[in-house]
Protein chains: 2
Amino acid sequence: MSATSGTDDVISAAILVIGDEILSGRTKDKNIGHIADHCTMIGIQVKEVRVVADEEDEIVAAVNALRARYTYVFTTGGIGPTHDDITADCIAKAFGVGIDHHPEVKALLIENFKRRNVEPTTARLRMARIPDGAEIVENKVSVAPGFKLGNVIVMAGIPAVMQVMLDSVTPRLKTGKKMLSVTIELMRPEGEIADLFAETQKEFPDVPMGSYPFNREARVFGTQLVLRSTDPNRLAAAEQRLRERLRAANIPA
Amino acid sequence: MSATSGTDDVISAAILVIGDEILSGRTKDKNIGHIADHCTMIGIQVKEVRVVADEEDEIVAAVNALRARYTYVFTTGGIGPTHDDITADCIAKAFGVGIDHHPEVKALLIENFKRRNVEPTTARLRMARIPDGAEIVENKVSVAPGFKLGNVIVMAGIPAVMQVMLDSVTPRLKTGKKMLSVTIELMRPEGEIADLFAETQKEFPDVPMGSYPFNREARVFGTQLVLRSTDPNRLAAAEQRLRERLRAANIPA
């Protein structure tokens, strides 16, 4: 999982958030940021995010578009026991495989229901329905698991549950070179460094450079310049060149 | 803008967030939730969200896919003065129109630069580049405006700036019937109400119903049942039926 254990290949990913409650604004998503941080840390580059409604056609189309394009697709949401939880069925449909109660998961759930003294109703056992051929992704928080089918990792929508599932599946993922970054903070507006910043970007086209204005209080504003590369030497060289240019322009950094 | 002023038509929207910093996890998006809330409030249904990188092909493809499909597309990010701000050019390319300095916007910016005693550099004047045929969307916070071209509304990434742009463009948007909702909170797990909830959904297929588990503290958990409709009568009828079923099952709600 270290920066040196990967290969030169880019390992890419998409995040697919499933749920009407995000689109209506009722629930504010907290999973995109967490998965993005996690992927960056382990050397997987998130290239796209989509949020879709709890509608079969939308979910199936998004899963198939994204899984064809990226190394991994992480989905969140729609794997609970109620009628609006249709993610597992949609994944089965997207892959053209069957779906049924998974014997081990069913046993796990029934054991858990017994301990909690709740009835193993049909609705509750819906959470044991796993597409054929999928591997289970453990849920240490609330038992009902996620799963991994091909390159698609299906996780819960509740952040605490999603997070343990993500940790649980991580050792099974291919990871690439870790994306490294350097941030230079200036107490100047973007417009002041745009030209020299663009020149530095031209000189290092392999080191993506982004500029992010911020304001902390009413009158405290500035710009963060972020340089990114999987190659620590190129990153250091680009940083040095940018700092030279900032010095030449009398901009403290 | 009231629930009665709209038409029966569904007014739909997509949100397109543009920026490497969201995909890397460096910046946590705050705009999706705000735009979703705003749209719900004014009777526009957000049907899809995408986040894409600062890459021309990705942005152009997403803009064209989404604008063909929804009444409106709201974009955020990539309209500053630095080389990674390519949204305006991508919108022009997506629509197949030219892009140049907009005379009024240029005058606005130059006036503002004078007042702040900063030089009107080429980089700074990049923010006056607006695709041909676009209408300006005012920015009361930091002057450099957003714009509306066809059904695509282009806004800043900084939340405070995006929010004033959204308010500014709102009177120009068609709005539909307002989506109303009712939330019933139960101190019971989802599994316990899944069957009666599914039955109620079957009885009211036109009133989408979602179930959202929550836990407030370690041992305080429950479920929120959310019913949604643009028709207050159907919503009330569905709510009444669901409450009857909950009572019959001895579940306090």
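Higher on the page you've got the structure.
The model shown is predicted, which means the values in this text are computed figures rather than measured ones.

## Here's the deal with the overall build of chain A
- A tally of regular secondary structure across chain A gives 9 helices and 11 strands.
- Considering only C-alpha atoms, chain A reaches an extent of 70 × 45 × 35 Å along its principal axes.
- Going through the 253 residues of chain A one by one, you find that 47% of them count as buried.
- For chain A, the proportion of contacts with a sequence separation of at least 24, taken over those separated by at least 6, is 67%.

## Focus on the sheet that holds strand β8 (residues 152-155) of chain B
- Strand order in the open sheet made by the 12 strands is β6(A)-β7(A)-β8(A)-β3(A)-β1(A)-β2(A)-β2(B)-β1(B)-β3(B)-β8(B)-β7(B)-β6(B), with mixed pairing throughout. Both outer strands of the open sheet, β6 (135-137) of chain A together with β6 (135-137) of chain B, are each paired with one neighbouring strand and no more. On average, adjacent strands in this sheet sit at an angle of 20 degrees to one another, irrespective of strand direction.
- Pairing of strand β1 (residues 12-18) of chain A with strand β2 (residues 45-52) of chain A, which is carried by 7 bridges, proceeds in the parallel orientation. Its bridge partner being in β2(A), A:I18 is matched across the sheet by A:V52.
- Helix α4 (residues 87-95) of chain B rests against β1 (12-18), β3 (72-76), β7 (146-149) and β8 of chain B of the sheet, and its axis sits at about 165 degrees to β8(B).

## Topic: the interface of chain B and chain A
- Taken together, the contact pairs 46 residues of chain B with 47 residues of chain A.
- Sorting the residues of the side of chain B that touches chain A by element identifies α1 (20-23), α2 (31-42), β2 (45-52), α6 (122-125), α8 (190-203) and β10 (209-217) of chain B as the ones contributing at least two each.
- Among the residues forming the side of chain B that touches chain A, the class breakdown is 20 nonpolar, 13 polar and 13 charged.
- Where β2(A) meets β2(B), 5 bridges bridge the pair, whose relative direction is antiparallel. Bridged to A:R50 within β2(B) is B:R50.

## Re the relation of the copies chain B and chain A
- Expressed as a screw transformation, the operator carrying chain B onto chain A has a rotation angle of 180 degrees and an axial translation of 0.0 Å, and the superposed copies differ by an RMSD of 0.0 Å. Taken together, the turn and the small shift mark the pair as related by a two-fold rotation axis. Minimal C-alpha separation from the rotation axis in chain B is found for B:R50, amounting to 2.2 Å.
- Same-surface contact between copies: 100% of interface residues of chain B are shared with the interface of chain A.

Reading the values: rules and limits
Residues numbered from 1 in each chain as written. Chains lettered and ligands numbered in written order. Predicted model: local features only at pLDDT ≥ 70, side-chain atom pairs only at ≥ 80, totals over all residues. Helix = DSSP H or I, 4+ residues; strand = E, 2+ residues; numbered from the N terminus. Buried ≥ 20, exposed ≤ 12 C-beta atoms within 10 Å, placed from the backbone. Contact = placed C-beta atoms within 7 Å. Pairing = 2+ DSSP bridges. Axes fitted to C-alpha atoms, helices over the stretch in contact; angles between N-to-C directions. Nonpolar A, V, L, I, M, F, W, Y, C, P; charged D, E, K, R; others polar. Least-squares fit on C-alpha atoms with pLDDT ≥ 70 in both.

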